[in-house]
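An overview of the molecular structure
The chain contents come next:
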Amino acid sequence: MLEISNLVMRFGGVTALDSVGFAVADNEICGLIGPNGAGKTSLFNCVTRVYRPDEGTVTFNGEDLLSARRHQIVQHGIVRTFQNLALFPTLSVLENTMVGAHSVKKPHLIPTMLGLPTTRKARKAVELDAWDLLERLDLADLAHHPAAGLPFGTLKRVELARALISRPSLLLLDEPAGGLTHSEVNELGELILQLRRDYGFSALLVEHHMGLVMGISDHVVAMDFGRVIADGSPADVQRDPAVAAAYLGRAA
């Protein structure tokens with residue numbers, strides 16, 4: 001589904017991505033691991049066209065993503081969550097979820113929010129989709145509560161609902177377990193697996209919580225200093241000496 005080949009990204013004299021290449025299959029969860037500074041978020045930003053790489057290709061279902069504009073990525077069926085929450089604090093949980101549909105629903109959400117007669121039906125359809133997701137993510141009781149002031153773990157689920165309302169084919173998850181408690185991480189892993197079964201998306205998961213990555217990923221890619229150092233099953237990547245050295249140091 002997603003194919004990355006020989007991707008190079010430089011920032012001045014620093015090479016953030018050094019000939020990176022791997023693939024994410026249909027309906028697969030691919031874990032992307034590595035120490036801080038390994039290039040994981042830079043890779044996400046290339047796939048979503050926040051960055052334009054210096055070399056290489058990124059294709060999705062055979063289409064060249066690097067020729068697409070940034071706002072067109074979601075129309076290809078690719079959405080992402082963020083390491084640092086990017087919600088609208090004064091909007092309600094329901095409204096934050098509905099915002100995720102604005103690039104894929106017709107007519108667009110902005111005219112529907114003006115209440116024009118021709119767009120009320122479209123707004124209602126988006127709202128029903130949002131309610132369905134909030135029910136699935138155990139957020140319905142908070143639908144009319146503003147995002148500001150809600151617990152961090154709850155806000156992570158709101159951001160997930162906003163991503164899912166566009167019914168993505170590929171979901172990019174940037175450290176979804178960051179800041180969560182141990183029990184919340186376990187619940188998140190079960191939730192991602194259930195949502196993948198229900199909605200049939202692939203996922204590229206950037207995460208430092210190794211228990212989550214190894215527990216839900218079909219395959220794992222490990223990076224260090226902008227390079228891919230291992231690519232295989234969770235068990236094989238865990239046993240790889242280069243991965244142990246990247247995380248623990250060669251002496252260890």
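The coordinates are above.
Worth saying up front: this structure is predicted, and the values here are computed from it rather than measured.

Observations concerning the pattern of salt bridges
Following the criterion strictly, the structure yields 7 salt bridges and no others. Asp 198 is the partner of Arg 136 in a salt bridge, and the nearest nitrogen-oxygen pair spans 2.0 Å. Of this pair, Arg 136 sits in helix α4 (residues 120-136) while Asp 198 sits in helix α6 (residues 182-199), placing them 62 residues apart in sequence. Residue classification places Arg 136 among the partly exposed residues on the basis of a relative accessible area of 35%.

What about the side chain of Ser 202?
With respect to the helices and strands, Ser 202 occurs in strand β8 (residues 202-206). Given the relative accessible area of 0%, Ser 202 is considered buried.

Some thoughts on the environment of Phe 152
Relative to the helices and strands, Phe 152 resides in helix α5 (residues 152-164). Classification of Phe 152 by relative accessible area gives partly exposed; the value is 36%. In sequence terms Phe 152 and Leu 85 are 67 residues apart; their C-alpha atoms lie 9.0 Å from each other. Among all residues touching Phe 152, those that are not within four sequence positions of it are Leu 85, Gly 178, Gly 179 and Leu 180.

Some remarks on unusual backbone geometry
Despite not being glycine, Ser 19 shows a phi value in the positive range, around 55 degrees. For Ser 19, the position within the fold is in strand β2 (residues 14-24). Phi is positive for Glu 175, which is not a glycine, with a value near 50 degrees. Along the chain, Glu 175 turns up in the loop between β7 (170-174) and α6. By relative accessible area, which is 12% here, Glu 175 ends up buried.

A word on the layout of surface pockets
Empty space within the largest pocket amounts to approximately 550 Å³. Around the largest pocket sit 20 residues that line it, and Val 74, Val 79, Arg 80, Phe 82 and His 102 are the ones nearest its centre. Residue classes in the lining of the largest pocket are distributed as 10 nonpolar, 6 polar and 4 charged. Looking at the lining of the largest pocket, you find at least three residues from each of domain 1 (1-77 + 168-252) and domain 2 (87-166). For the second largest pocket, the calculated volume is near 230 Å³. In this structure, the second largest pocket is lined by 13 residues; those nearest its centre are Gly 153, Arg 157, Glu 184, Glu 187 and Leu 188.

Thresholds applied
Residues numbered from 1 in each chain as written. Predicted model: local features only at pLDDT ≥ 70, side-chain atom pairs only at ≥ 80, totals over all residues. Heavy atoms only, no water. Salt bridge = Lys/Arg side-chain N within 4 Å of Asp/Glu carboxyl O. Helix = DSSP H or I, 4+ residues; strand = E, 2+ residues; numbered from the N terminus. Buried < 20%, exposed > 50% of the residue type's maximum accessible area, 1.4 Å probe, protein only. Contact = heavy atoms within 4.5 Å. 1 Å grid on protein atoms, 1.4 Å probe; cavity = no way out; pocket = protein on both sides within 12 Å on 5 of 7 lines; lining within 4 Å. Points joined across faces, edges and corners; volume = space filled by probe spheres on them. Nonpolar A, V, L, I, M, F, W, Y, C, P; charged D, E, K, R; others polar. Domains from an automatic or database assignment.

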